[in-house]
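Structural characterization, general
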Amino acid sequence: MSVFQYAATIIDDYKNYVCSFFNIADERIRERVEEELFEKDLLWPEALIQLNPGYETAATVKELCAQGSLHPLCGEIFCHDDGRSLTLYHHQQAAIECALRGEHFVVTSGTGSGKTLTYLIPIFNAVLRDDPGQAKVRAIIVYPMNALVNSQYEALERLAKDYRQRTGQTLPVRFAKYTGQEEREERERILKTPPHILLTNYVMLELMLVRPHERPFVDKTVAGIEFLVFDELHTYRGRQGADVALLIRRLRERCGNPEVICIGTSATMVSGKEVSIVERRQVVASFASKIFGVPVSPENIIEERFRLLAHPDCEVTPEVLRACFDAPLPETVEEILKHPLTWWIEQNFGVSRQPDGSLWRCKPITLTEGAQRLALATGLEETACLERLREMLIRGSRLRNPDNSPVFALKLHQFVSQGSSVYATLEPPASRYITLEGRYYAPHTSSGGERLLYPVEFCRVCGQAYYDVWKNGGEKRFLPREPENEFLDTSNELIAGYLVLGEEVADWTPDAEHLPPEWLDDRGRIKSQYRKVVPQEVWVRPDGTFTEEPAPGAIKALFQPKPFMLCVACGEFYTGRDKYEFRKLARLSSEGRSSATTVMVLAALLHAEREGIAEDIQRKVLSFTDNRQDASLQAGHFNDFVRFSLLRAALYQALETYQELYYDNIADKVLACLGLELRDVASNPELDAGSVQGKRVWKTFRDLVEYRLYEDLQRGWRVIQPNLEQCGLLQIDYLGLAELCADEAKWEGCPPLAAFSPQERYLSILTLI
């Protein structure tokens with residue numbers, strides 16, 4: 001499987017999930033939705049392709065050590081596993097030289113360009129040139145998220161481990177993370193023996209300045225701060241940026257070192273080809289100067305320098321490119337680097353040379369757009385160009401350089417958007433205007449007059465379409481209502497509600513035949529608490545105006561106020577306890593952001609093995625969110641999804657194995673299918689399963705599984721994660737119910753069930769249950 005097939009498989013899984021709860025009764029609306037989603041890929045457009053360019057290299061770390069620029073131990077610490085010296089990129093060496101001159105700088109190279117080494121190597125050098133035995137903080141590195149702190153800490157741990165394995169000695173530079181998540185003992189240990197490098201976030205840095213017991217980190221009498229590093233500098237904007245700027249000024253004053261070197265890194269400070277190099281550097285320098293409170297020279301804004309991969313033996317002309325289609329694909333790294341099509345791919349997907357000789361990153365484009373460009377350049381069919389491009393990109397991503405890196409560092413950007421709503425006009429179903437674009441008016445017709453567009457939702461049971469409206473009784477007009485943007489109307493002139501076209505429910509009338517029995521009293525009259533929610537007849541026009549009697553140019557509709565209580569098409573009704581409208585009515589965005597993320601991530605992991613991604617450090621999904629609350633929500637959603645998926649899978653397997661399950665054995669049978677043992681669930685894995693305590697733990701876990709099973713089988717809030725019964729994968733029956741329904745003597749004097757057949761009684765009772 002190629003990366004293109006891998007991405008397509010993930011999107012296919014997501015499509016199947018999204019479409020599994022689409023229930024649209026109107027054929028025209030359903031066809032329009034399917035056209036937009038599946039033919040035009042409205043929610044999952046074609047992926048963008050980009051090649052991560054190679055960076056221009058410079059000296060090795062050991063060469064800088066030999067020149068006297070770096071301490072000799074730096075060459076032993078920053079090297080490959082086999083002892084070979086680490087070769088620096090041009091921007092890395094430029095940053096190190098800035099630090100050695102004691103100048104502030106900002107590195108704006110791309111993701112994966114080794115920005116971390118631009119400040120770690122100078123920090124290590126400074127610590128090693130001084131007395132490494134001194135227990136004082138020499139550098140504070142601030143990250144915007146604790147996840148980045150943890151990631152950097154793990155990288156430093158691996159660096160220390162590799163150094164110890166090569167030399168048999170402990171890494172002389174000490175480091176620690178201090179984010180507020182550490183245990184008390186760990187915080188006390190760090191305070192007692194401060195590390196040379198402190199990894200933290202800006203909130204904890206603020207607290208260090210105000211907590212007296214944390215003065216060893218920042219106070220000039222005990223600390224020796226020489227470096228202050230802010231990773232992802234672009235995140236500190238607006239009010240947060242102002243807070244951080246003041247924090248940095250207070251820290252610089254507190255540490256008592258006017259020569260402290262301020263360093264920033266970011267991959268997205270300034271973007272856009274319309275900005276020249278000089279202007280870009282000036283913008284970044286101005287921003288950094290405001291944040292750090294020190295002058296940052298534009299010359300110290302360090303950018304990446306690219307190098308071209310392809311070196312064709314001849315000039316690449318249309319004739320040469322056409323000849324590539326008849327030749328076999330390259331088999332070796334040397335062949336692909338000399339291939340003319342590699343040069344063309346790099347110029348369109350990687351980097352291209354500008355008139356001034358500089359190299360720019362290419363804007364990501366789709367494979368289809370790339371095929372169109374190649375077809376224009378060669379005069380060949382677009383389909384042939386598409387296939388050859390796909391083959392070359394796959395071949396280049398699989399061929400490996402001597403350092404085991406791919407020749408083509410291929411990046412595929414797949415964007416998935418959340419659907420909003422279907423919008424339609426108040427016109428007969430056969431002629432109403434339907435769109436998925438959020439607009440207020442529909443295009444004018446030859447008959448003239450404005451036509452308003454209303455959001456449409458669908459009954460989750462039968463798929464009947466309902467318009468979201470505001471009813472303005474004073475102006476006798478219905479206005480469009482966006483469910484997610486509702487507001488409180490204090491004038492009491494607007495009533496939130498729903499409209500359904502009379503033509504779609506032509507036989508419905510507010511009588512005992514169509515209203516729920518629970519809404520009627522013993523005399524067949526509507527109970528007082530339900531009178532206001534009974535759908536009322538109105539006659540509406542495309543501009544939203546309405547009358548309560550038939551009128552020219554108006555069509556019949558039924559209006560019911562919010563909350564939605566009754567579907568007039570299928571008869572499904574709700575009580576006052578059903579507070580959430582999304583459980584009753586569905587929109588195109590019903591899947592939810594957390595559910596969408598969970599489904600796609602699980603699909604990526606499930607299909608990873610077919611792609612050849614080993615189940616080790618390679619098989620990893622990184623998720624970035626705006627804040628800690630969203631991250632916690634998504635983590636909880638993952639755990640919840642996995643837990644119920646495991647329970648449902650075990651329950652289904654138990655049904656397949658035993659055919660029937662009863663209330664007194666369902667938990668034991670499901671546990672057997674889960675395949676868990678006491679050591680898998682007990683906090684003490686060594687607990688003896690035969691002991692009294694072991695038996696109590698297992699019984700507690702069994703009771704929990706039983707509770708979770710019944711909790712999942714009840715009709716809950718997971719409308720987009722229906723349980724096994726709702727999916728038709730299991731049926732719940734009641735012992736003795738069929739026999740009771742067949743006993744005619746039991747039903748004498750119980751109209752209307754007495755007139756039913758046993759099967760009709762059985763189905764009626766199940767419906768009521």
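The preceding data block contains the structure.
Structure report, in brief. (Residues numbered from 1 in each chain as written. Predicted model: local features only at pLDDT ≥ 70, side-chain atom pairs only at ≥ 80, totals over all residues. Heavy atoms only, no water.)

1. Details of the overall build of the chain
Looking only at helices and strands, one finds 25 helices and 26 strands in the chain. Along the first, second and third principal axes, the C-alpha atoms of the chain reach 105 × 80 × 60 Å. Every one of the 769 residues in the chain was classed for burial, and the buried ones make up 43%. Within the chain, residue pairs in contact and separated by at least 24 positions form 68% of the contacts whose partners lie at least 6 positions apart. Of the charged side chains in the chain, 88 are positive and 110 negative, and the gap between their average positions amounts to 6 Å. (Helix = DSSP H or I, 4+ residues; strand = E, 2+ residues; numbered from the N terminus. Buried < 20%, exposed > 50% of the residue type's maximum accessible area, 1.4 Å probe, protein only. Contact = heavy atoms within 4.5 Å. Lys, Arg positive; Asp, Glu negative; His and termini not counted. Charge placed at Lys NZ, Arg CZ, Asp CG, Glu CD.)

2. Concerning the sheet that holds strand S1 (residues 48–52)
With respect to topology, 3 strands assemble into an open sheet ordered S15-S1-S16, the strand pairing being antiparallel. Each having just a single partner strand, strand S15 (365–366) and strand S16 (409–413) make up the two edges of the open sheet. Where S1 meets S15, 2 bridges bridge the pair, whose relative direction is antiparallel. Looking at S15, one finds that isoleucine 49 is bridged to isoleucine 365. (Pairing = 2+ DSSP bridges.)

3. A word on the nonpolar core
Nonpolar side chains in soluble globular proteins tend to be buried together. Counting residues in hydrophobic clusters, the biggest one holds 46 residues, and the most contacted among them are Val61, Phe78, Phe124, Ile141 and Ile197. The element that contributes the greatest number of residues to this core is helix H6 (residues 115–129), accounting for 9 residues. In terms of nonpolar packing, the next biggest core, distinct from the first, is built from 41 residues, Leu43, Phe458, Val538 and Ala604 among them. (Core = buried A, V, L, I, M, F, W, Y, C linked by side-chain atoms within 4.5 Å.)

4. Notes on the environment of glutamate 157
If you trace the backbone, glutamate 157 turns up in helix H7 (residues 146–167). Overall, the relative accessible area of 34% leaves glutamate 157 in the partly exposed class. Sequence-wise, glutamate 157 and phenylalanine 175 are 18 residues apart; in three dimensions their C-alpha atoms are separated by 8.9 Å.

5. Points about the pattern of salt bridges
Applying the stated criterion to the full structure yields 43 salt bridges. The salt bridge partner of arginine 211 is glutamate 214, with a shortest N-O separation of 2.9 Å. When the shortest N-O distance is used, the salt bridge between aspartate 468 and arginine 481 registers 3.2 Å. In this pair, aspartate 468 is assigned in strand S20 (residues 465–472) and arginine 481 in the loop between strand S21 (477–480) and strand S22 (494–501), connecting sequence segments 13 residues apart. Looking at arginine 481, the relative accessible area reads 1%, which means it is buried. Salt bridges sharing partners connect three or more residues here, namely Asp668, Lys699, Arg702, Asp703 and Glu706. (Salt bridge = Lys/Arg side-chain N within 4 Å of Asp/Glu carboxyl O.)

6. Some remarks on the environment of isoleucine 394
Looking at where isoleucine 394 falls in the secondary structure, it is placed in helix H17 (residues 382–398). Residue isoleucine 394 is classed as buried on the basis of its relative accessible area of 15%. C-alpha separation for the pair isoleucine 394 and phenylalanine 4, spaced 390 residues apart in sequence, amounts to 8.6 Å. Excluding anything up to four places from it in sequence, isoleucine 394 contacts Ser2 and Phe4.

7. Concerning a negative patch on the surface
On the surface, a cluster of negative charge is contributed by Glu27, Glu31, Glu34 and Glu39. You can see glutamate 27 is positioned in helix H2 (residues 27–39). Here glutamate 27 falls in the partly exposed class, since its relative accessible area comes to 49%. (Patch = residues over 30% accessible without salt bridge, like charges linked within 9 Å, V, L, I, M, F, W, Y side chains within 5 Å. Areas by Shrake-Rupley, 256 points an atom, 1.4 Å probe, with all protein chains shown as cover.)

8. Structural notes on a nonpolar patch on the surface
A cluster of nonpolar residues, Tyr662, Tyr663, Tyr710 and Leu735, forms a patch on the protein surface that exposes about 490 Å² of accessible area. Residue placement: tyrosine 662 occurs in the loop between helix H20 (628–658) and helix H21 (666–674). Residue classification places tyrosine 662 among the partly exposed positions, given a relative accessible area of 34%.

9. Quick look at the pairing of S20
Counting buried residues along S20, 8 of its 8 residues qualify, which places the element largely inside the surrounding structure. The two faces of S20 match: Ala465, Tyr467, Val469 and Lys471 on one face and Tyr466, Asp468, Trp470 and Asn472 on the other face are all buried. With 6 bridges joining them, S20 and S22 adopt antiparallel strand pairing. Bridging from a neighbouring strand, asparagine 472 pairs with leucine 494 of S22. Relative to S21, S20 runs antiparallel, the two being bridged by 4 bridges. The partner of valine 469 across the bridge, within S21, is proline 480.

10. A short note on unusual backbone geometry
Cis peptide bonds are those with omega within 30 degrees of zero, and the linkage from lysine 562 to proline 563 qualifies with 10°. In this structure, aspartate 41 is a non-glycine residue whose phi angle is positive, near 50°. One can find aspartate 41 in the loop between H2 and S1. Of note, glutamate 232 is a non-glycine position whose phi angle comes to about 50°, a positive value. Topologically, glutamate 232 is positioned in the loop between strand S9 (227–230) and helix H11 (238–255).

Bear in mind that shape data such as this cannot, by itself, settle questions of function.
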